[in-house]
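Residues per chain are reported as follows:
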Amino acid sequence: MDLRDRLLGHDRWTTGRLMTMAKGLSDVQLDRDFDIGHRTLRQTFGHMIRAMELWTGLMAGTPNDREDMPTSVDDLLA
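Conventions and cut-offs
Residues numbered from 1 in each chain as written. Predicted model: local features only at pLDDT ≥ 70, side-chain atom pairs only at ≥ 80, totals over all residues. Heavy atoms only, no water. 1 Å grid on protein atoms, 1.4 Å probe; cavity = no way out; pocket = protein on both sides within 12 Å on 5 of 7 lines; lining within 4 Å. Points joined across faces, edges and corners; volume = space filled by probe spheres on them. Helix = DSSP H or I, 4+ residues; strand = E, 2+ residues; numbered from the N terminus. Nonpolar A, V, L, I, M, F, W, Y, C, P; charged D, E, K, R; others polar. Salt bridge = Lys/Arg side-chain N within 4 Å of Asp/Glu carboxyl O. Buried < 20%, exposed > 50% of the residue type's maximum accessible area, 1.4 Å probe, protein only. Polar contact = N/O pair within 3.5 Å; in protein donor to acceptor, adjacent residues only side chain to side chain. Expected span 1.5 Å × (residues − 1). Arc of directions from axis to C-beta. Contact = heavy atoms within 4.5 Å. Core = buried A, V, L, I, M, F, W, Y, C linked by side-chain atoms within 4.5 Å.

### Things to note about the layout of surface pockets
Of the voids in this model, the largest pocket is the one considered here, and its volume is about 390 Å³. Along its surface, the largest pocket is lined by 18 residues, and Arg12, Ile49, Met52, Leu76 and Leu77 are the ones closest to its centre. A per-element tally of the lining of the largest pocket places helix 1 (residues 3-22) first, with seven residues. The class makeup of the residues in the lining of the largest pocket is nine nonpolar, four polar and five charged.

Here's what the structure looks like:
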């Protein structure tokens, strides 16, 4: 295992933990507006997954720029 694999693995694990903890939140809570970043927890999670897919794909030489991101926490975890 090289350093890149270790860092990506840690990022995947911590993101998964955050999303697992958020599974019990209601839609109202996930979509609560904050005056920072991506505005809601749901949008922040979507951004995190998109960024992980994009950068992992770029490092692997298989870029992925999909726009259609799932919105439920369970789908994002998958």
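### Observations regarding the pattern of salt bridges
Any two side chains of opposite charge can pair, given that their charged atoms come close. Counted under the stated rule, the structure contains five salt bridges. The salt bridge partner of Arg39 is Asp35, with a shortest N-O separation of 3.2 Å. The network of salt bridges with shared partners includes Asp27, Asp31 and Arg42.

### Points about the environment of Asp27
Its location among the elements puts Asp27 in helix 2 (residues 27-30). Assessed through its relative accessible area of 53%, Asp27 is described here as exposed. When the C-alpha positions of Asp27 and Arg42 are compared, they lie 8.8 Å apart, and in sequence the two are 15 residues distant. Here the side chain of Asp27 touches Arg42 through a polar contact of 3.0 Å, side chain to side chain.

### What about helix 1?
With 20 residues, helix 1 should cover 28 Å at 1.5 Å per step; its first-to-last C-alpha distance of 29 Å lies within 8% of that length. For helix 1, every residue scored as buried is listed here: Thr15, Gly16, Met19 and Ala22. Buried residues along helix 1 cover an arc of 120° about the axis, so they all sit on one side. With respect to the buried face of helix 1, the exposed residues turned more than 90 degrees away are Leu3, Arg6, Trp13 and Met21. Looking at the buried positions of helix 1, the neighbouring elements they touch are helix 2, helix 3 (41-60) and helix 4 (73-77). Residue Asp2 occupies the N-cap position of helix 1, its side-chain oxygen lying 2.8 Å from the main-chain nitrogen of Asp5.

### Let's talk about the nonpolar core
In this structure, Met19, Ala22, Leu30, Phe45, Ile49, Met52, Val73 and Leu76 together form the largest nonpolar core, which totals eight residues. Element by element, the count of residues in this core is highest for helix 3, at three residues.

### Some thoughts on the side chain of Arg42
With respect to the element layout, Arg42 can be found in helix 3. With a relative accessible area of 16%, Arg42 lands in the buried category. Reaching out from Arg42, the side chain makes a polar contact with the side chain of Asp31 at a distance of 2.7 Å. Ignoring any residue separated from it by four or fewer positions in sequence, one finds Arg42 in contact with Asp27, Leu30, Asp31, Thr71 and Ser72.

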